[in-house]
Amino acid sequence: MMRRHDAWLANLLIVFCFLVKPVMANNASETGGVRLLTEPQISGKRVPDDQTVSADVHRQRAYQYARDWLESAAPDATVLAYPQALTQDYLDNGFSLIWTQDAARDELETQVNVISLAGFSPEFEWRAWQLRQLRQQPSDAAYDIFATDTAYALLRYLSVIPDKGMQWFFGASHRTPLPAPSSQRRAALFKAGLNGSLAPFLRQRRPQHSQYDALVKQIVRLQEQAQSVWPTIQAENVIYPDQAIATTLALNLVDNLRLQGFWGSSERLEAINGDTVRYGGDLLRAVERFQQQHGLSMDGIIGPATAKWLNLDPQARIRLLALNAERLRLWPNDNPNRIVVNIPDYRMHVWHDDRNVFESKVVVGRQSRRTPLFTSQLDSVVLNPSWNVPRSIVQKDILPKLADDQQYLSRNQYRILPNWQSNIAIDPSTINWQTVNDDGFPYRLQQAPGQGNALGKYKFNTPNRNAIYLHDTPAQSLFSRSRRAFSSGCIRVEQAEQLADLVLDLSGKQLANYQGYLDKTQTKWVSLQTRLSVQTIYQTAWVTEDGKLAFRDDVYAYDSHAERQITTQEPSYLTQQRDISSSRSQ
């Protein structure tokens, strides 16, 4: 293993070689070792033999020897994405190896593996495979060089997540080269490696969220289970509680539930005879617990939705866990006072001083009118709000109803206003409705406060460019459903009154003091001194407080990536870049 005394000898050798005629490096295209992508070519001019060469020539010679070292030490048949940066950085740091501690190697491989398992980056799949292969080989230098190249890719990946994460983590793929990280970030990596703090340096690059570590542990557990036979549930018809089912089906179901942690050693089947058992008792309760952890109705009925989750194998679950682990890099977690709405869970949580103090079911946007992912602040609560109907809803929902029902507006307490700046109502009878069309409706619709108002009694104002906010609703029956994607984008809160009471209390105000406004159906804006951050997130997998895995249906189809095999080959863009570099040097 090359340690610091070896690096000192290497430097001494370079200094000695400056005193004699240097040996020019082989062309990169002629080497049988590492394939370099882009390198500055040493000038073809004859280098003076005397010892009074210029500083520029000294630098050229040093760089040339550094490149020779990189070519000879790096792993065979491996493309490096950042050879120029690697050459300069190893030269500047005396060719010291920085990946000498297992903890640093483990941390790098863990983060790279999670990215690779998420299924959106062929490059990181290849890097994860290469790191595993190189770690089994005896050359520390080969591992070190490729690990540094991979760390550069990781640092650059992290830096572009604010721009690219909303694409990569929601259906798109990473298929373009990542530029080298800045010299400052590379210097920080080497500094950490040289002073023995590379593992904590990398660990700080994890999402600063406890869920990440919990998901990584579950990935490791599922990888171990992936070697086992995963029992599938083959049921021709829907299975109902208390139904007699075949013993073979029941045993498969038990094995499946046991692997997923829903069947314990003390639980028993209820046999009817040698061929059938009753689907009830412990087995029914285990399926109900399984349904709860997957966001399904806890009715014990094994239909298509429950069977789909039962038959989802470990590899598919691992990909979901890894993808959701990477999504944690997008969600801010540094505000101790926040409202978090997880769209596929159809729930919201209020955190105060980093404690979960309130939660409620919510209704989110339907597939065709998705609730966007955004971050804002709750600045006020509006009591008895009027509803300024968005133009899109007017066009898609209300105008088609007016064609068949001229009394729809008055019955639902809508006012017609001439524009967004006016508050003078227009008599509907003065409008020639035969000439009004979906695209050219020139008016503004506003629904008055009161019973039947789409926003209910409370609106929670969260300024954002999408005009999305939380609000009460008169349609309370929708909260009894397990799948609650029905709105036009805004977020309906089941326990809106309790939420209003809480956020007012956090600002030193009491909802009871505003009861007069509520009783008179009078609109009142109440500003908040304590402003909670509000964020919508999209997590379809997480670990519960008791250590169980929870999954949710992918309501917006954000989890889907094109089906393909995990690759162990370098990305095509690196191959093409290498080929261009080789052709230029010939």
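Fair warning: this is a prediction, and the values are worked out from it, not measured in the lab. (Residues numbered from 1 in each chain as written. Predicted model: local features only at pLDDT ≥ 70, side-chain atom pairs only at ≥ 80, totals over all residues. Heavy atoms only, no water.)

Caption draft 1: Quick look at the packing of helix H4 (residues 102–117) against helix H6 (residues 140–168). In the contact formed by H4 and H6, the axes pass within 11 Å of each other and the chain directions differ by 50 degrees. By the angle class used here, H4 and H6 are oblique. Two packed elements cross with a definite hand, and for H4 against H6 that hand is left-handed. Every residue of H6 that contacts H4 at Arg105, Leu108, Glu109, Gln111, Val112 and Ile115 is listed here: Asp140, Tyr143, Ala147, Thr150, Ala151, Leu154 and Tyr157. (Axes fitted to C-alpha atoms, helices over the stretch in contact; angles between N-to-C directions. Helix = DSSP H or I, 4+ residues; strand = E, 2+ residues; numbered from the N terminus. Parallel < 35°, antiparallel > 145°, perpendicular 65-115°, else oblique. Left-handed = near helix turned anticlockwise from the far one by under 90°. Contact = heavy atoms within 4.5 Å.)

Caption draft 2: Looking closely at the packing of aromatic side chains. Summed over all chains, the structure comprises 20 aromatic pairs. Residues Phe120 and Trp168 carry aromatic rings whose centres are separated by 6.3 Å and whose planes lie at 15 degrees to one another, so their mutual orientation is stacked. Taken together, the residues span a long stretch of sequence, with Phe120 in the loop between H4 and helix H5 (122–135) and Trp168 in helix H6 at a distance of 48 residues. An identical accessibility class is assigned to Phe120 and Trp168; each is buried. (Phe/Tyr/Trp six-rings, centres within 6.5 Å; stacked < 30°, edge-to-face > 60°. Buried < 20%, exposed > 50% of the residue type's maximum accessible area, 1.4 Å probe, protein only.)

Caption draft 3: Seen up close, the sheet that holds strand S12 (residues 444–447). As summarised here, the arrangement of the three strands in space is S10-S12-S11, forming an open sheet in which the pairing is antiparallel. The sheet is open, and its two borders are formed by strand S10 (387–388) and strand S11 (414–417), each paired with just one other strand. Inspection of the sheet shows S11 paired to S12 by four bridges, in the antiparallel sense. If you follow Leu417 over to S12, its bridge partner there is Arg444. (Pairing = 2+ DSSP bridges.)

Caption draft 4: Inspection of unusual backbone geometry at higher detail. Phi is positive for Asp353, close to 55 degrees, though the residue is something other than glycine. Note that Asp353 resides in the loop between strand S7 (347–352) and strand S8 (355–365). The backbone of Asn384 shows a phi angle near 50 degrees, a positive value even though the residue is not glycine. With respect to the helices, strands and loops of the structure, Asn384 is situated in the loop between strand S9 (375–383) and S10. Looking at Asn384, the relative accessible area reads 4%, which means it is buried.

Caption draft 5: Broad picture of the sheet that holds strand S3 (residues 244–246). Across the sheet, which stays open at both edges, the three strands sit in the order S3-S5-S4 with antiparallel pairing between neighbours. Strands at the two margins of the open sheet, each flanked by one partner only, are S3 and strand S4 (270–271). Its contacts with the sheet put helix H10 (residues 247–259) on S3 and strand S5 (276–278), and the angle it makes with S3 is roughly 85 degrees.

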